[in-house]
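Chain by chain, the residues run as shown.
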Amino acid sequence: MLSFNTDFDGLRRPDGSADLGEIVIALPVAARGARERAVSLGEELGLLTVHGTLHLLGFDHEEEEEEREMKQLERVALRRAGLESAARD
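### Digging into helix 3 (residues 64-80)
Across its 17 residues, helix 3 extends 25 Å between first and last C-alpha, which sits within 8% of the 24 Å expected from 1.5 Å per residue. Listed as buried for helix 3 are Met 70, Glu 74 and Leu 78. Taken end-on, helix 3 shows its buried residues confined to a sector of 70 degrees, consistent with a single buried face. Against helix 2 (41-56) lie the buried residues of helix 3. Of the residues one or two after helix 3, Gly 82 is the one with positive phi, at around 75 degrees.

### Focus on helix 1 (residues 27-37)
Every buried residue belonging to helix 1 is among Ala 30, Gly 33 and Ala 34, and all of these are buried. Buried residues along helix 1 cover an arc of 100 degrees about the axis, so they all sit on one side. Set apart from the buried face of helix 1 by more than 90 degrees, the exposed residues are Pro 28, Arg 35 and Glu 36. Elements that come into contact with the buried residues of helix 1 comprise helix 2. Two residues or fewer after helix 1 comes Ala 38, characterised by a positive phi angle close to 60 degrees.

### Observations concerning the packing of helix 1 against helix 2
Contact pair helix 1 / helix 2: the axes reach a minimum separation of 8 Å and the direction vectors enclose 110 degrees. The angle between helix 1 and helix 2 falls in the class roughly perpendicular. You can see that helix 1 and helix 2 cross each other, and the crossing is right-handed. Residue-level contacts link Leu 27, Ala 30, Ala 31, Gly 33, Ala 34 and Arg 37 of helix 1 to Leu 41, Glu 44, Leu 45, Leu 47 and Leu 48 of helix 2. When its residues are assigned to classes, the contact of helix 1 with helix 2 shows eight nonpolar, one polar and two charged.

### Some thoughts on the nonpolar core
With seven residues, the main nonpolar core is built from Leu 47, Val 50, Leu 54, Met 70, Leu 78, Ala 86 and Ala 87. Counting only elements with at least two residues in this core, the list comes to helix 2 and helix 3. Ranked by the residues each element gives to this core, the list is headed by helix 2, at three residues. Apart from the residues lying within four places of it in its own chain, the contact partners of Val 50 are Glu 74, Ala 77 and Leu 78.

### Details of unusual backbone geometry
One non-glycine residue, Ala 38, lies in the positive phi region at around 60 degrees. With respect to the element layout, Ala 38 can be found in the loop between helix 1 and helix 2. For Ala 38, a relative accessible area of 70% gives the class exposed.

Calculation notes
Residues numbered from 1 in each chain as written. Predicted model: local features only at pLDDT ≥ 70, side-chain atom pairs only at ≥ 80, totals over all residues. Heavy atoms only, no water. Helix = DSSP H or I, 4+ residues; strand = E, 2+ residues; numbered from the N terminus. Expected span 1.5 Å × (residues − 1). Buried < 20%, exposed > 50% of the residue type's maximum accessible area, 1.4 Å probe, protein only. Arc of directions from axis to C-beta. Contact = heavy atoms within 4.5 Å. Axes fitted to C-alpha atoms, helices over the stretch in contact; angles between N-to-C directions. Parallel < 35°, antiparallel > 145°, perpendicular 65-115°, else oblique. Left-handed = near helix turned anticlockwise from the far one by under 90°. Nonpolar A, V, L, I, M, F, W, Y, C, P; charged D, E, K, R; others polar. Core = buried A, V, L, I, M, F, W, Y, C linked by side-chain atoms within 4.5 Å.

The following block contains the structure:
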């Protein structure tokens, strides 16, 4: 999964709103991740979408504390989407 921030100065829709960015998910890689984690492909895609969205919102996981916070936010979002079993440990 890759996320690309597209919120550049001056790049706005005609109504003035801005996109967060783009999330690209390679289906074969997601399928392999689903098999490795013993979850459905839908659950893996849900996790990757939430994870990518958090990156676009400015969250990261390079530091231990950042990783804990990001995983907690993933769990909350996945629970709300009915995909609680997709969360990583």
